[in-house]
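Summary of structural features
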There are 2 protein chains.
Amino acid sequence: MGPQVLIIGAGFGGLRLAKRLGKLPVYVTVVDRSNHHLFQPLLYQVALAGLSPADIAVPIRAIVHRAQNTRVMLGEVTDISTAEKVAILADGTQLPFDYCVVAAGAQTSWFGKDAWSAHAFGLKNLDDALDIRTRVLLALEAAELEPNPQRRQELLTFIVIGGGATGVEVAGTLAELSRTLIARDFRVIAGDRPRVLLVEAGPTLLAAFHPDLQQAAIVQLRELGVEIHLDSRVQDITADGIVLAEKLIRATTVVWAAGVRAQPLAAKLGASLDKMGRVMVQPDCSIPSHPNVFAIGDNAHFVQDEQTLPGLGSVAQQQGEHVYRVIAADLRNQKRPTFRYVDKGTMATIGRSRAVLQAGNIRLTGFIAWTAWIFVHIMLLADFRSRVLVILEWAWQYVTFRRGARLITGRPVTHSEPEALHLGHTVAEKASKFTVDTPPPAA
Amino acid sequence: MGPQVLIIGAGFGGLRLAKRLGKLPVYVTVVDRSNHHLFQPLLYQVALAGLSPADIAVPIRAIVHRAQNTRVMLGEVTDISTAEKVAILADGTQLPFDYCVVAAGAQTSWFGKDAWSAHAFGLKNLDDALDIRTRVLLALEAAELEPNPQRRQELLTFIVIGGGATGVEVAGTLAELSRTLIARDFRVIAGDRPRVLLVEAGPTLLAAFHPDLQQAAIVQLRELGVEIHLDSRVQDITADGIVLAEKLIRATTVVWAAGVRAQPLAAKLGASLDKMGRVMVQPDCSIPSHPNVFAIGDNAHFVQDEQTLPGLGSVAQQQGEHVYRVIAADLRNQKRPTFRYVDKGTMATIGRSRAVLQAGNIRLTGFIAWTAWIFVHIMLLADFRSRVLVILEWAWQYVTFRRGARLITGRPVTHSEPEALHLGHTVAEKASKFTVDTPPPAA
């Protein structure tokens, strides 16, 4: 009888660990609240209609189905008793374990302003992304029917809060989308100038990157027409827009990419947490006093060379790999390895044909960085099928400037719908305008 | 100034008409409740995780964007005044027209038993399809955690009501999915035998097909393990399952493919309707006394050779083409053509490698019919992009027996969720079972 390994979360860290453990004499249980592994770095592409959910999400069962020692459970762990070595599901069910690995990932952090979540979209899972897609597409449809220029401008104003990689990627892609899609597919708003604002509280974008690349990102975003507001802390978010420096900027769509914090489960381990809710882990990623309980990825605060490791998929993956080595060492009664993160480089894309990339002393910008970004992301995608589909989608979009997944589906977004999105209320005025303005082609 | 043509609905009929009118000296307004044209014949593939929504849906704007005389509106027409030549949107807005074409399609008909819609899924739009996908995938996940064999059987029982093409396609695909997916990706239920029931009130499946093909469909479905109940009228549908011949058949998933009726808008034209809510149209598809108001596709009751034309995409398309010819004739002051439907054949697919097809005196079954079905459907897909993606998906699935879009997403289905779907409540029992039953591989 091998030990029971419980992995909570099938993100980059948990999944890597599960795959590796398939070859060891252990029992593996993977519990996740969703049935799929999500390739989060491309989530913004789903939010902006460039990719379909199935392009970046793969069923967890499909990934580990060959490992006969591994089972997958759809469910939510709500508590963990490290003393009794048992995890507890939402309904009270108990899951005993010999090893427990908390790899539950992060959630959107509103920095204590939870009321803002009623007016702005986070971007952490597929439902978030589909909500943003629906809102952006509906805003364009509503603007097309809106004769009042001021209200039309509100509908065509998109605000992105947070100047990290996600914020930069969303803002760049939104600017590009508004440039091409509106000009081609719409009639009334084709002449309007949509605004995309990127708001960052700190003095620079992409704080984790080299200053040269930060500057390159700003230049590239401005080429796309993005209005960048640095040193600008959001004071309020309402149904009308955001308040910045005591002034209301009216906007229908606000995306919040300003921060994340660990899933609350990490707090149940009884260990010290940092401000982002991450567990202060030992050099082998275990928690103090419980050598068989681990926290990895966005659930771990790991200090290396006096720096806290960032919340990147590559950190989580390497920590998942590391926990596999720890368990393998335990099984052979060998000394446990300590964890060391190897930075293979980071990158961010800025719309079509633009990106920034750093790897060691190498720094790239523009088209060459973008090409590298595409290559790396396709290599990282979880299975071959996604890879082929994404290559195809991107090739198609590159050639045609079109976005493939512009669908408005789903039940109404739980957010308060701005008044302006109630479609059809001004169609009559618009109708007469259309009749007058647009001569039909000659017979 | 050309006349204003209002097209209500961008299905097969409305879209064909809109595309053709792009070349005439008229103003065209296309109003639809959704922003996309849906390739309905493949909707069941989305419901059963074989295709993504974006594979079979294309933004209406993208299809007609080149025609400068055409505008697209997202909105719902709730009333039409044929006397005043104006259509009225949900908010009271008025849209004047010179020509009006009702091409609003059909909706699920519950034959007066609307309460059944709380326990069974219709299949008419993308949201329906995604609801079915979520339910089927959740049922498998819940069954995997369910130790009680009887409740597990309920979760693994799928009932399809209605033996037309949609019912046959759903049942066949469900049977296939349960054969391959469960066996490979699941542990506990891998040995269970899922049931797929196909229930039809009439004496035969596929009533519109030649008796030889009806028989072939029955044989092929039985090969896939589908239990076929003919001459069986459903007496009730509850949260527990369906009642057939005074007996309750317990099932968690019930799909209703038994009937459709025209969208209620057709009733606003003031013309006579048939039992399915379709307008009794003239030989040129216009309605009596209003030569410039047309109903086509699922909104028209058209009699040809003493037979009512069926609710097929090809009928709608040809009627859309016909209305274009009528308007073109009017513009030239020529005599209007009358409509005549040319049957180019019908087909239904039955899972992997099986289908039935008839075209004139040609009747095919099995693999050759399935190949023809694939070819025809790919040719019919609305644009090149969808075609490439669908070919790729199908090739992938054919080679690997996998289904690409097995994602559980979205907010909870509005349906009453059966108790059994509350995941996790029996995980503990299952956990111990797993430990005992499954030896880990040797180190």
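Residues numbered from 1 in each chain as written. Chains lettered and ligands numbered in written order. Predicted model: local features only at pLDDT ≥ 70, side-chain atom pairs only at ≥ 80, totals over all residues.

Bringing the overall build of chain A into the picture now. Helix and strand counts for chain A come out as 12 helices and 27 strands. Counting only contacts in chain A whose residues sit at least 6 apart along the sequence, the fraction spanning at least 24 positions is 65%. (Helix = DSSP H or I, 4+ residues; strand = E, 2+ residues; numbered from the N terminus. Contact = placed C-beta atoms within 7 Å.)

Turning our eyes to something else, we now look at the sheet that holds strand S12 (residues 195-199) of chain B. Residue and element names in this part refer to chain B. Pairing is parallel across the open sheet formed by 4 strands, whose spatial order is S13-S12-S11-S17. At either end of the open sheet lies a strand with only one pairing partner, and these are strand S13 (226-229) and strand S17 (253-256). Shown here is a sheet whose adjacent strand axes are inclined to one another by a mean of 20 degrees, direction ignored. Along the sheet, helix H8 (residues 211-223) makes contact with S12 and S13, crossing S13 at roughly 140 degrees. (Pairing = 2+ DSSP bridges. Axes fitted to C-alpha atoms, helices over the stretch in contact; angles between N-to-C directions.)

All names here are of chain B. The strand order across the open sheet built from 3 strands is S25-S26-S27, with neighbouring strands paired in antiparallel fashion. With partners counted over all chains shown, the strands left at the sheet margins are strand S25 (346-349) and strand S27 (362-365), one partner each. Across the sheet, the axes of successive neighbouring strands diverge by a mean angle of 5 degrees, strand direction being ignored. Pairing between S25 and strand S26 (residues 355-359): 4 bridges, direction antiparallel. Bridge pairing links Thr346 to Gln358 in S26. Contacts between helix H10 (residues 366-380) and the sheet are confined to S25, S26 and S27, with S26 contributing the most and set at about 70 degrees to the helix.

Moving on, we come to the domain arrangement of chain A. Residues and elements named next belong to chain A. Split into domains, chain A comes out as domain 1 (4-33 + 75-109 + 260-331) and domain 2 (114-258 + 345-419). In this assembly, 5 residues from domain 1 lie in contact with 5 residues from domain 2. Residue classes in the side of domain 1 that touches domain 2 are distributed as 3 nonpolar, 2 polar and no charged. (Domains from an automatic or database assignment. Nonpolar A, V, L, I, M, F, W, Y, C, P; charged D, E, K, R; others polar.)

On to the packing of helix H1 (residues 12-21) of chain B against helix H9 (residues 313-331) of chain B, then. All names here are of chain B. Axis separation between H1 and H9 bottoms out at 7 Å; the angle between their running directions is 35 degrees. Crossing hand, H1 versus H9: right-handed. In this structure, H1 uses Phe12, Gly13, Gly14, Arg16, Leu17, Arg20 and Leu21 to contact H9, whose residues at the interface are Gly313, Ala316, Gln317, Gln319, Gly320, Glu321, Val323, Tyr324 and Ile327. Split into classes, the residues belonging to the contact of H1 with H9 amount to 7 nonpolar, 6 polar and 3 charged. (Left-handed = near helix turned anticlockwise from the far one by under 90°.)

This part covers the pairing of strand S15 (residues 241-244) of chain A. Two faces make up the sheet, and in a regular strand the side chains alternate between them. Residue and element names in this part refer to chain A. Bridge count between strand S14 (residues 234-238) and S15: 4 bridges; the pairing is antiparallel. Note that in S15 the partner of Ile237 across the bridge is Ile242. Once S14 ends, the chain turns through 2 residues before running back antiparallel as S15. Bridging between S15 and strand S16 (residues 247-250) involves 4 bridges; their strand directions are antiparallel. Among the inter-strand pairings, Leu244 is bridged to a residue of S16, identified as Lys247. Between the antiparallel neighbours S15 and S16 lie 2 residues, among them Ala245 with a positive phi of about 50 degrees.

Let's shift gears to unusual backbone geometry. All names here are of chain A. Phi at Ala49 takes a positive value of approximately 70 degrees, unusual for a residue other than glycine. Within the secondary structure layout, Ala49 lies in the loop between helix H2 (43-47) and helix H3 (53-56). Residue class for Ala49 comes out buried when judged on the 25 C-beta atoms lying within 10 Å of it. The backbone of Asp305 sits at a positive phi, close to 50 degrees, despite the residue not being glycine. Here Asp305 is to be found in the loop between strand S23 (303-304) and strand S24 (307-308). On the neighbour-count criterion, Asp305 (7 C-beta atoms within 10 Å) is exposed. (Buried ≥ 20, exposed ≤ 12 C-beta atoms within 10 Å, placed from the backbone.)

What follows deals with the environment of Lys23(B). Residue and element names in this part refer to chain B. Along the chain, the position of Lys23 falls in the loop between H1 and strand S2 (27-32). On the basis of neighbour count, Lys23 is assigned to the partly exposed category, with 13 C-beta atoms found within 10 Å. For the pair Lys23 and Asp185, spaced 162 residues apart in sequence, the C-alpha to C-alpha distance is 53 Å.

Turning our attention to H8(B). Residue and element names in this part refer to chain B. Helix length check: H8 (13 residues) gives 19 Å between terminal C-alpha atoms against 18 Å at 1.5 Å per residue, within 8%. The set of residues buried in H8 consists of Leu213, Ala216, Ala217, Ile218, Gln220 and Leu221. Each element contacted by the buried residues of H8 is listed here: helix H7 (165-185), S12, S13, S25, S26 and S27. At the exit of H8 stands Gly225, carrying a positive phi of roughly 90 degrees. (Expected span 1.5 Å × (residues − 1).)

Next up on the list: the environment of Ala83(A). Residues and elements named next belong to chain A. In this structure, Ala83 sits in the loop between strand S6 (77-81) and strand S7 (86-89). Taking the number of C-beta atoms within 10 Å as the measure of exposure, Ala83 has 9 and is therefore exposed. For the pair Ala83 and Glu141, spaced 58 residues apart in sequence, the C-alpha to C-alpha distance is 56 Å.

Residues and elements named next belong to chain A. When pLDDT is averaged along chain A, the result is 87; 86% of the residues meet or exceed 70. Within the model, the stretch residues 412-416 combines pLDDT values under 50 with 9 contacts to residues more than four positions away or in other chains. Confidence over residues 423-443 falls short of pLDDT 50; this stretch has 46 contacts with residues more than four positions distant or in other chains. Taken together, the chains of this predicted complex give a pTM of 0.87 and an interface ipTM of 0.84. (pLDDT = per-residue confidence, 0-100.)

Let us now look at helix H7 (residues 165-185) of chain A. Given a rise of 1.5 Å per residue, 21 residues ought to cover 30 Å, and the 29 Å separating the end C-alpha atoms of H7(A) matches this to within 8%. Counting buried positions over the 21 residues of H7(A) gives 17, a clear majority of the element.

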